[in-house]
Amino acid sequence: QVQLVESGGGLVQPGGSLRLSCAASGSIFSINAMGWYRQAPGKQRELVASITSGSSTNYADSVKGRFTISRDNAKNTVYLQMNSLKPEDTAVYYCNADIVASGSYYSSRYWGQGTQVTVSS
């Protein structure tokens, strides 16, 4: 059984910062790409940032220069540092990871439960 547990969401004023964490646990053989998605009310879920096992990163244009994704492979954890937050960043943020479970020959995508980020004065 593999699960992703997120933490770090909350309420922040415009211009503020938050750091999200997502830890993978369970019977894990290896983790490929990890990433963060977000979904605002009435909108589709969108990719915010992703990072490969070799730490190559990719960002949505809307967050470039403000958000930084990183990972700690020893802890099976991915982070999202969010700076200069804007009201339009308000959404539920979901962690995603492509994981090969122990005893498996292929990878599967796993999702966290989501954490609310609200940017408001």
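Structure shown above.
First, a word on what this report is: a plain description of the structure on this page.

The rules behind the values
Residues numbered from 1 in each chain as written. Predicted model: local features only at pLDDT ≥ 70, side-chain atom pairs only at ≥ 80, totals over all residues. Heavy atoms only, no water. Helix = DSSP H or I, 4+ residues; strand = E, 2+ residues; numbered from the N terminus. Buried < 20%, exposed > 50% of the residue type's maximum accessible area, 1.4 Å probe, protein only. Contact = heavy atoms within 4.5 Å. Pairing = 2+ DSSP bridges. Axes fitted to C-alpha atoms, helices over the stretch in contact; angles between N-to-C directions. Salt bridge = Lys/Arg side-chain N within 4 Å of Asp/Glu carboxyl O. Core = buried A, V, L, I, M, F, W, Y, C linked by side-chain atoms within 4.5 Å. Disulfide = S-S within 2.5 Å.

**So, the environment of Ile-51**
Turning to step 1, where the next piece is worked out: Note on placement: Ile-51 falls in strand β5 (residues 46–51).
Turning to step 2, where the next piece is worked out: By relative accessible area, which is 3% here, Ile-51 ends up buried.
Turning to step 3, where the next piece is worked out: Distance from Ile-51 to Ser-7, taken between C-alpha atoms, is 18 Å for residues 44 residues apart in sequence.
Turning to step 4, where the next piece is worked out: Apart from the residues lying within four places of it in its own chain, the contact partners of Ile-51 are Asn-32, Ala-33, Met-34, Ser-56, Thr-57, Ile-69, Ser-70, Arg-71 and Val-78.

**Thoughts on the sheet that holds strand β7 (residues 67–72)**
Turning to step 1, where the next piece is worked out: The strand order across the open sheet formed by 4 strands is β1-β3-β8-β7, and the pairing between neighbours is antiparallel. In the strand order of this sheet, the two ends are held by β1 (2–7) and β7, each with one partner. Direction aside, neighbouring strands of the sheet carry axes that sit 15° apart on average.
Turning to step 2, where the next piece is worked out: As judged from the 6 bridges shared by strand β3 (residues 18–26) and strand β8 (residues 77–82), these two strands associate in the antiparallel manner. Opposite Arg-19, over in β8, you have Gln-81 as the bridge partner.

**Considerations on the pattern of salt bridges**
Turning to step 1, where the next piece is worked out: This structure, assessed with the given rule, holds 4 salt bridges.
Turning to step 2, where the next piece is worked out: Between Arg-38 and Glu-46 there is a salt bridge whose closest N-O contact spans 2.7 Å.
Turning to step 3, where the next piece is worked out: A salt bridge links Asp-61 to Lys-64; the nearest nitrogen and oxygen atoms lie 3.1 Å apart.
Turning to step 4, where the next piece is worked out: You can call Asp-61 exposed: its relative accessible area is 64%.
Turning to step 5, where the next piece is worked out: Among the charged side chains, a network of salt bridges with common partners joins Arg-38, Glu-46, Arg-66 and Asp-89.

**Quick notes on the nonpolar core**
Turning to step 1, where the next piece is worked out: Counting residues in each nonpolar core, the largest one holds 32 residues, and the members touching the most others are Trp-36, Leu-80, Met-82 and Tyr-93.
Turning to step 2, where the next piece is worked out: Those elements that provide at least two residues to this core are β1, β3, β4 (28–39), β5, β7, β8, β9 (91–101) and β11 (115–119).
Turning to step 3, where the next piece is worked out: Element by element, the count of residues in this core is highest for β9, at 6 residues.

**Structural notes on the pairing of β5**
Turning to step 1, where the next piece is worked out: Relative to β5, β4 runs antiparallel, the two sharing 5 bridges. Counted as the bridge partner of Gly-35 is Ser-50 from β5.
Turning to step 2, where the next piece is worked out: Counting the residues that bridge the hairpin from β4 to β5 gives 6 residues, and of these Gly-42 lies at a positive phi of roughly 80°.
Turning to step 3, where the next piece is worked out: Sheet analysis places β5 next to strand β6 (residues 57–59), joined by 3 bridges and oriented antiparallel. Opposite Ile-51, over in β6, you have Thr-57 as the bridge partner.
Turning to step 4, where the next piece is worked out: Between β5 and β6, which pair antiparallel in sequence order, lie 5 residues; one of them, Ser-55, sits at a positive phi of approximately 75°.

**Some details on the state of the cysteines**
Turning to step 1, where the next piece is worked out: For the structure on display, the rule yields 1 disulfide.
Turning to step 2, where the next piece is worked out: The disulfide bridge from Cys-22 ends at Cys-95, spanning 2.1 Å between sulfur atoms. Taking the torsion about the sulfur-sulfur bond, which here is approximately -80°, the covalent link between Cys-22 and Cys-95 counts as left-handed. One end of the pair, Cys-22, is in strand β3; the other, Cys-95, is in strand β9, and 73 residues separate them in sequence.
Turning to step 3, where the next piece is worked out: We classify Cys-22 as buried; its relative accessible area is 0%.
Turning to step 4, where the next piece is worked out: Residue Cys-95 is classed as buried on the basis of its relative accessible area of 0%.

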